[in-house]
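# Commentary on secondary and tertiary structure
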Amino acid sequence: MKIGKGKTVVAASSLSKTYQTGDIKVEALKGLNLKIEKGEFAVICGASGSGKTTLLDIIGGIDKPTSGEIIVFDEELSLKDEDFLSDYRCSNIHP
Ligand SMILES: Nc1ncnc2c1ncn2[C@@H]1O[C@H](COP(=O)(O)OP(=O)(O)OP(=O)(O)O)[C@@H](O)[C@H]1O
Ligand SMILES: [Mg+2]
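Below or above, wherever it landed, is the structure these notes cover.

As a further point, take the pattern of salt bridges. Side chains that carry opposite charge are capable of pairing whenever their charged atoms lie near each other. Across all of its chains, the model carries four salt bridges by this definition. When the shortest N-O distance is used, the salt bridge between Glu-75 and Lys-80 registers 2.9 Å.

So, on to the side chain of Glu-76. Note on placement: Glu-76 falls in strand 4 (residues 75-76). The side chain of Glu-76 is buried and forms no salt bridge, while Lys-80, the nearest opposite charge, is found at 7.8 Å. A distance of 3.4 Å separates a polar atom in the side chain of Glu-76 from the backbone nitrogen of Ile-70. If we skip the residues at most four places from it in the chain, Glu-76 touches Gly-68, Glu-69, Ile-70 and Ile-71.

Before going further, it helps to examine empty space enclosed by the protein. Inspection of every chain in the model, using the stated rule, returns one cavity of 30 Å³ or more. Estimates place the volume of the largest cavity at around 30 Å³. Every residue lining the largest cavity is listed: Ile-58, Gly-61, Asp-63, Lys-64, Pro-65, Ile-70, Leu-77, Ser-78 and Leu-85. Taken together, the residues of the lining of the largest cavity sort by class into five nonpolar, two polar and two charged.

Turning to the environment of Ala-42, a few remarks are in order. Among the structural elements, Ala-42 can be located in the loop between strand 2 (24-37) and helix 1 (52-59). Along the chain, Ala-42 and Glu-69 lie 27 residues apart, while their C-alpha atoms are 19 Å from each other.

Looking now at the layout of surface pockets. Put simply, the largest pocket is a space of about 310 Å³. Lining the largest pocket we find 16 residues, and of these Val-9, Val-10, Ile-36, Glu-40 and Ala-42 sit closest to its centre. When contributions to the lining of the largest pocket are tallied by element, the ones reaching two or more residues are strand 1 (8-21), strand 2 and helix 1. Looking at side-chain class alone, the lining of the largest pocket contains 11 nonpolar, two polar and three charged residues.

Basis of the calculations
Residues numbered from 1 in each chain as written. Chains lettered and ligands numbered in written order. Predicted model: local features only at pLDDT ≥ 70, side-chain atom pairs only at ≥ 80, totals over all residues. Heavy atoms only, no water. Salt bridge = Lys/Arg side-chain N within 4 Å of Asp/Glu carboxyl O. Helix = DSSP H or I, 4+ residues; strand = E, 2+ residues; numbered from the N terminus. Buried < 20%, exposed > 50% of the residue type's maximum accessible area, 1.4 Å probe, protein only. Lys, Arg positive; Asp, Glu negative; His and termini not counted. Polar contact = N/O pair within 3.5 Å; in protein donor to acceptor, adjacent residues only side chain to side chain. Contact = heavy atoms within 4.5 Å. 1 Å grid on protein atoms, 1.4 Å probe; cavity = no way out; pocket = protein on both sides within 12 Å on 5 of 7 lines; lining within 4 Å. Points joined across faces, edges and corners; volume = space filled by probe spheres on them. Nonpolar A, V, L, I, M, F, W, Y, C, P; charged D, E, K, R; others polar.

Right, dumping it as structure tokens:
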């Protein structure tokens, strides 16, 4: 399953991720907007704890945002079930 043929590969809109452990809340991503188009070479950089791994986990379909949109290959990943995401990871995400 290779999905999507559009020129936008990754689009994030108002993307937020909050981790909650007991009473402690960590806002790892807060209203992120991002667009990466086909053929672009993109680098994600930032200080330790700034949310790089959190973003890659969401793009890679192994975690879901708390709010906002994440579209990869024309699919809105936050709406997908685990079966879809498993297939998506297998076909599209490579280490
Ligand atoms: N599973 C989790 N539960 C609770 N907090 C988490 C979890 N994962 C990450 N965090 C917190 O979210 C914030 C962002 O973490 P993240 O790992 O995405 O940062 P990073 O930019 O990848 O950091 P590094 O450069 O050290 O790899 C940090 O404050 C981190 O402690
Ligand atoms: Mg990291």
